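# Coordinate analysis (summary)
Listed here are the chains, written in short residue letters.
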Amino acid sequence: MGSSIDDNLPPFTIDNESGRCILILPTETPTFYGDDYERVTHLGHGCYGTVYRVCKKHSCEEFAVKEKLITSYEDILKRVYREVELVGKLNHPNILNILAVECLPGKVRFLTELMGIDLSHFHCRDEKVIASVAKQLLATLFYLKQRGIVHRDLKPSNMLLSPDGCVIKICDFETSVDVSTQVLPLASSDLFNYSAPELLDTRLSCTGIYTSDVLSMGLCLLEFYLDGFSITVESEDIWSLVSQIVYKGEPPRAPPESSKEFQDFISQCLHREPKNRACIEKLMDHDFIKMNTMQLDVLDKESSLLSVSDRINFEEDWIVDSGCSNHMTGDKEKLKDMTEYKKRRVVVTTINTKLPITHVGKTTLSPRFNNEEVQLLNVYHVLGLKKNLPSVLQMARSSNFVVFGPDDVKVY
């Protein structure tokens, strides 16, 4: 095998058989063996890689594997190696946990915890929900700031929802930087939409001020509220977008029908000049956050799916479950359009009993307190199962948002 000789490149070798790069990992990086995992389904893809849901053989534990393609091209190698360098070094409840890495010719695989959907299609006008999202993002940015790290690619597709629908986790640190080093401008056009002006033209940056993630967060929050990207461009080409972000016009604003607190919060995030942009600590103490998250209560019985009380009929009711990976029921009569299940998976209970899956079908849930029905697809019929369990993970992957309250559950 050959090896890299350019000191500016991450260490790699060349596989003689395929001619492809094999990245050399830092010695302390935890590794895994991909053949120990069975690929279950495709979860998504981006510019440089694909994400799969996998199941560990012999244990049925489920994870995600993010597979990124690499070449000897400098920018790609550096981006992937940057994420490798941070494996095991970031420990925060709102940062995706990368468990291990596998390097193969022409690709790098990251084994991660399994999450629900990203926030690319999230839309909500409830300011309490928006504030809850903002509070989690700010906690993450504060953690990164303490470690001298700027993410630089904060966008809805890099914000993942946990399977129980309660926690947001940030992922993809490949363009992140250590502020103690020279911060170069972003080079890839797929990063521009949510970028601060100083990331596109470093002449606009201010020494010692690193608030680009604050502006990116503000654009994301405003998009969640408006249900659409908030920057208007004259034409669809990327340089028109760059020109609009860096040089032209006023920053976008929250609409006048929103609260004064939300309008001010967004305004403080979106200042074009870094020195005028609010710092993370100031935003954490902003009235918009304090007023809306001290007692977050976005649930009401008129729109709840199920009531968790002693009135539950375990044979008839559907009990939302954050632990099971698939919708399942022991009552075959509840399903329609069934097909025979021919795969090898079984359901393992908490007492380690293995229950067979016989059919897959679909069903419709009718909430007690409203007329909006919830469709469940790919529901397992499990012999011997005594409950009817809609999976939070599966509902989240169907673009639903599930929020648990003390007495009920709400599905968005």
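All figures in this text were calculated on a predicted structure; none of them were measured in a lab. (Residues numbered from 1 in each chain as written. Predicted model: local features only at pLDDT ≥ 70, side-chain atom pairs only at ≥ 80, totals over all residues. Heavy atoms only, no water.)

### So, the sheet that holds strand β7 (residues 98-104)
With antiparallel pairing, the 5 strands of this open sheet are ordered in space as β4-β5-β6-β8-β7. Of all the strands in the sheet, the pair left with one neighbour each is β4 (37-45) and β7. Across the sheet, the axes of successive neighbouring strands diverge by a mean angle of 25°, strand direction being ignored. Bridging between β4 and strand β5 (residues 49-56) involves 7 bridges; their strand directions are antiparallel. By the bridge assignment, Tyr37 is partnered in β5 with Lys56. (Pairing = 2+ DSSP bridges. Helix = DSSP H or I, 4+ residues; strand = E, 2+ residues; numbered from the N terminus. Axes fitted to C-alpha atoms, helices over the stretch in contact; angles between N-to-C directions.)

### Structural notes on the packing of aromatic side chains
This model, assessed by the stated rule, comprises 7 aromatic pairs. Relative to Phe224, the ring of Phe122 has its centre 5.2 Å away and its plane inclined at 65°; by these criteria the two rings are edge-to-face. One end of the pair, Phe122, is in the loop between β8 (107-112) and α2 (127-146); the other, Phe224, is in helix α4 (residues 212-226), and 102 residues separate them in sequence. Judged by relative accessible area, Phe224 falls into the buried class, the value being 1%. Aromatic side chains Phe262 and Phe288 sit 5.1 Å apart centroid to centroid with 45° between the ring planes, which places their arrangement in the tilted category. Residue Phe262 is found in helix α6 (residues 260-269), and its partner Phe288 is found in helix α8 (residues 287-293); the two are separated by 26 residues along the sequence. You can call Phe288 buried: its relative accessible area is 0%. Grouped by ring-pair contacts, the aromatic residues Tyr225, Phe262, Phe265 and Phe288 constitute a single cluster. Over the aromatic face of Tyr52 sits the side chain of Arg39, whose NZ or CZ is 3.6 Å from the ring centroid. Across from the ring centre of Phe110, 5.3 Å away, lies the NZ or CZ of Lys66, which sits over that ring. (Phe/Tyr/Trp six-rings, centres within 6.5 Å; stacked < 30°, edge-to-face > 60°. Buried < 20%, exposed > 50% of the residue type's maximum accessible area, 1.4 Å probe, protein only. Lys NZ or Arg CZ within 6 Å of the ring centre and 35° of its normal.)

### Things to note about α6
Of the residues making up α6, those classed as buried are Phe262, Gln263, Phe265, Ile266, Gln268 and Cys269. Looking at the packing, one finds that the buried side of α6 touches α2, α4, α7 (280-284) and α8. (Contact = heavy atoms within 4.5 Å.)

### Let's talk about the nonpolar core
Judged by nonpolar contacts, the single largest core of 46 residues is most densely connected at Met217, Leu221, Phe224 and Phe265. Of all the secondary-structure elements, those providing two or more residues to this core are α2, β10 (159-161), β11 (168-170), α4, α6, α7 and α8. Ranked by residue count, the leading element in this core is α2, at 10 residues. If we skip the residues at most four places from it in the chain, Met217 touches Ala134, Leu137, Leu138, Leu141, Leu154, Phe265, Cys269 and Leu283. By size, the runner-up hydrophobic cluster in this structure holds 17 residues, among which are Phe12, Leu77, Val87 and Cys103. (Core = buried A, V, L, I, M, F, W, Y, C linked by side-chain atoms within 4.5 Å.)

### Looking at the pattern of salt bridges
Scanning the model with the defined rule gives 18 salt bridges in all. Two residues, Asp172 and Lys66, come together in a salt bridge whose shortest N-O distance is 2.7 Å. With Asp172 in the loop between β11 and β12 (177-178) and Lys66 in strand β6 (residues 62-69), this pair connects stretches of sequence that are 106 residues apart. Judged by relative accessible area, which is 18%, Asp172 ranks as buried. For Glu257, the salt bridge identified is with Arg125, shortest N-O distance 3.3 Å. Placement of the pair is Glu257 in the loop between α5 (238-246) and α6 and Arg125 in the loop between β8 and α2, with a sequence separation of 132 residues. On the basis of relative accessible area, Glu257 is assigned to the exposed category, the value being 54%. (Salt bridge = Lys/Arg side-chain N within 4 Å of Asp/Glu carboxyl O.)

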